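# Survey of secondary and tertiary structure
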Amino acid sequence: MAEIDQVIARIPAWKEAKDIQVSRIEGLTNTNYRVQVDGERFVLRISGQNTARLGINRAHEVTAVQNAAAAGLAPPVVAFILPEGHLVTRWSNGRHWDHKEFRTPENVRLLTETVKRIHALPPNGATFSPFQRVISYLETARSFGMQLPPSIDSCLQTMRAVQADQRRDTSDWQHFCHNDLVSVNYLYVEAQQRIVVLDWEFAGWGDIYYDLATVVYTHDSEGPIPPDLEEVVLDCYFGAMTPWQRQRLLGMKYMLMLFTGMWGLAQHGMQQAGLIPPVEGFDYLEFAEYLFNHDIQALQAQY
């Protein structure tokens with residue numbers, strides 16, 4: 001606990017605290033703690049090592065959190081500790097939906113409406129392109145001698161086709177986006193029937209269809225929501241649906257899975273090089289290989 005104690009000692013608002021209690025919260029890239037200070041609860045995020053290699057900029061992240069908190073979409077920021085970018089936010093009294101609870105028209109609509117509110121937030125100085133991130137992660141994986149999937153050339157060819165569709169899109173598809181709306185990154189606050197969104201590391205100006213793709217795959221271990229609920233997403237967001245919107249969503253579903261698979265390979269490479277610690281109960285390589293052999297392959301066949 002030496003590191004957490006040292007970070008707590010650097011938080012000005014807690015200097016005079018009489019009682020501080022700390023407990024660990026699960027996380028992959030970062031180390032998270034619930035901290036109770038004189039009866040008030042907070043979340044302290046200790047920034048992971050070498051996160052800049054994943055395209056994470058802590059200054060952009062905290063701007064996103066502050067803007068989202070002002071709109072009632074994220075927990076208020078209490079402290080931002082430089083140079084590491086450790087972050088303290090207030091505790092949110094919410095809970096995670098399990099996949100069965102999420103898979104209802106009402107809850108799918110609530111998450112989609114939350115996404116629309118996120119897309120109305122101001123820019124935070126960052127941009128997010130899944131195409132650029134895939135190439136960056138590919139270079140990172142190669143730099144650590146990772147063996148790439150045999151299908152990688154075919155995957156990149158499909159990626160270029162998706163990118164061509166994006167370039168042909170003349171609609172208003174560029175907005176501020178969260179870009180990581182997996183189920184662990186938001187909480188349902190039952191008393192207020194609203195969603196509080198966490199983990200804004202990848203937030204930035206991007207493609208609205210990428211956020212909508214994460215709604216489809218929010219419980220990624222359970223696979224995508226069924227087609228009827230995907231229709232709910234598009235209907236809630238756009239009103240009148242078109243075949244072009246379905247095509248764009250399909251493309252970003254593919255990019256979401258390809259990005260996630262390459263993220264796993266890059267993380268495994270950094271772990272093997274000793275740049276990041278292992279995560280108990282989670283294997284980055286196994287995770288990436290599963291995606292390339294299942295979700296990525298299935299989506300590629302549909303495109």
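In what follows, the structure referred to is the one given above.
Let us look at the structure shown here. (Residues numbered from 1 in each chain as written. Predicted model: local features only at pLDDT ≥ 70, side-chain atom pairs only at ≥ 80, totals over all residues. Heavy atoms only, no water.)

Turning next to the overall build of the protein. Helix and strand counts for the protein stand at 11 helices and nine strands. A compact globule built from 303 residues would reach a C-alpha radius of gyration of about 19 Å, and the protein, at 19 Å, matches this within 12%. Dimensions of the protein, computed from C-alpha atoms along their principal axes, come out at roughly 60 × 45 × 35 Å. Relative to its full complement of 303 residues, the protein shows a buried share of 50%. Residue pairs at least 24 apart in sequence account for 69% of intrachain contacts in the protein once pairs closer than 6 positions are excluded. As displayed, the protein has an accessible area near 14,200 Å², and 49% of this comes from carbon and sulfur atoms. For the protein, the distance from the average position of its 25 positive side-chain charges to the average position of its 35 negative side-chain charges is 4 Å. (Helix = DSSP H or I, 4+ residues; strand = E, 2+ residues; numbered from the N terminus. Rg over C-alpha atoms; globule rule 2.2 N^0.38 Å. Buried < 20%, exposed > 50% of the residue type's maximum accessible area, 1.4 Å probe, protein only. Contact = heavy atoms within 4.5 Å. Areas by Shrake-Rupley, 256 points an atom, 1.4 Å probe, with all protein chains shown as cover. Lys, Arg positive; Asp, Glu negative; His and termini not counted. Charge placed at Lys NZ, Arg CZ, Asp CG, Glu CD.)

Glancing now at the nonpolar core. Of all hydrophobic cores here, the largest spans 77 residues; its most connected members are Trp200, Tyr254, Met255, Leu258 and Met262. In terms of residue count, helix α9 (residues 243-272) provides more of this core than any other element does, 14 residues in total. Once you skip the residues sitting within four places of it in the chain, Met255 turns out to touch Pro130, Phe131, Val134, Met159, Val162 and Tyr210. (Core = buried A, V, L, I, M, F, W, Y, C linked by side-chain atoms within 4.5 Å.)

A complete count under the given rule lists 17 aromatic pairs for this structure. Their ring planes at 55 degrees and their centres at 6.0 Å tell us that Phe128 and Phe202 sit as a pair that is tilted. Taken together, the positions of Phe128 in the loop between α4 (105-118) and α5 (130-143) and Phe202 in the loop between β8 (194-197) and β9 (204-207) put the pair 74 residues apart, joining distant regions of the chain. The two residues Phe128 and Phe202 agree in class, both being buried. (Phe/Tyr/Trp six-rings, centres within 6.5 Å; stacked < 30°, edge-to-face > 60°.)

Moving on: the packing of α9 against helix α11 (residues 295-302). Between α9 and α11, the shortest axis-to-axis distance is 9 Å and the interhelical angle comes to 155 degrees. As judged from the angle between their axes, α9 and α11 are roughly antiparallel. Note on packing geometry: the crossing formed by α9 with α11 is left-handed. Across from Leu250, Lys253, Tyr254, Met257 and Leu258 in α9, the residues of α11 making contact are Asp295, Ile296, Leu299, Gln300 and Gln302. Residue classes in the contact of α9 with α11 are distributed as six nonpolar, two polar and two charged. (Axes fitted to C-alpha atoms, helices over the stretch in contact; angles between N-to-C directions. Parallel < 35°, antiparallel > 145°, perpendicular 65-115°, else oblique. Left-handed = near helix turned anticlockwise from the far one by under 90°. Nonpolar A, V, L, I, M, F, W, Y, C, P; charged D, E, K, R; others polar.)

Okay, the pairing of β8 next. Pairing of strand β7 (residues 186-189) with β8, which is carried by four bridges, proceeds in the antiparallel orientation. Paired with Val189 across the strands is Arg194, a residue of β8. Hairpin remark: β7 followed by β8, antiparallel, with four residues in the connecting loop; positive phi at Gln193, about 50 degrees. (Pairing = 2+ DSSP bridges.)

Now for the sheet that holds strand β2 (residues 31-37). Taking strand neighbours across the sheet as the criterion, the five strands line up as β1-β2-β3-β5-β4 in an open arrangement whose pairing is antiparallel. Looking along the sheet, the strands with just one partner apiece sit at the ends: β1 (20-25) and β4 (77-81). Averaged over neighbouring strand pairs, the angle between their axes works out to 20 degrees when direction is ignored. Inspection of the sheet shows β4 paired to strand β5 (residues 86-90) by four bridges, in the antiparallel sense. Residue pairing across strands places Ile81 opposite His86, the latter belonging to β5.

This part takes up the pairing of β2. As paired elements, β1 and β2 share six bridges and run antiparallel to each other. What sits directly across from Ile25, in β2, is Asn32. Where β2 and strand β3 (residues 40-46) come together, seven bridges link them in antiparallel fashion. Residue Arg34 lies in a different strand from β3, and its bridge partner there is Val43.

Mapped onto the secondary structure, Asp211 falls in helix α7 (residues 208-216). Buried within the structure, Asp211 lacks any salt-bridge partner; Arg133 is the closest side chain of opposite charge, at an N-O distance of 12 Å. Each residue touching Asp211, except ones within four places of it in the same chain, is listed here: Val115, His119, Cys177, His178, Asn179, Asp180 and Leu181. (Salt bridge = Lys/Arg side-chain N within 4 Å of Asp/Glu carboxyl O.)

Our focus in this paragraph is the packing of α9 against helix α10 (residues 284-293). At a minimum axis distance of 8 Å, the contact between α9 and α10 shows a crossing angle of 155 degrees. One finds that α9 runs roughly antiparallel with respect to α10. The element α9 and its partner α10 pack so that their crossing is left-handed. For the pair α9 and α10, contact is made by Met257, Leu258, Thr260, Gly261, Met262, Trp263, Gly264, Leu265, Gln267, His268 and Gln271 and by Tyr284, Leu285, Phe287, Ala288, Leu291 and Phe292, respectively. Looking at the contact of α9 with α10 residue by residue, the class counts come to 11 nonpolar, six polar and no charged.

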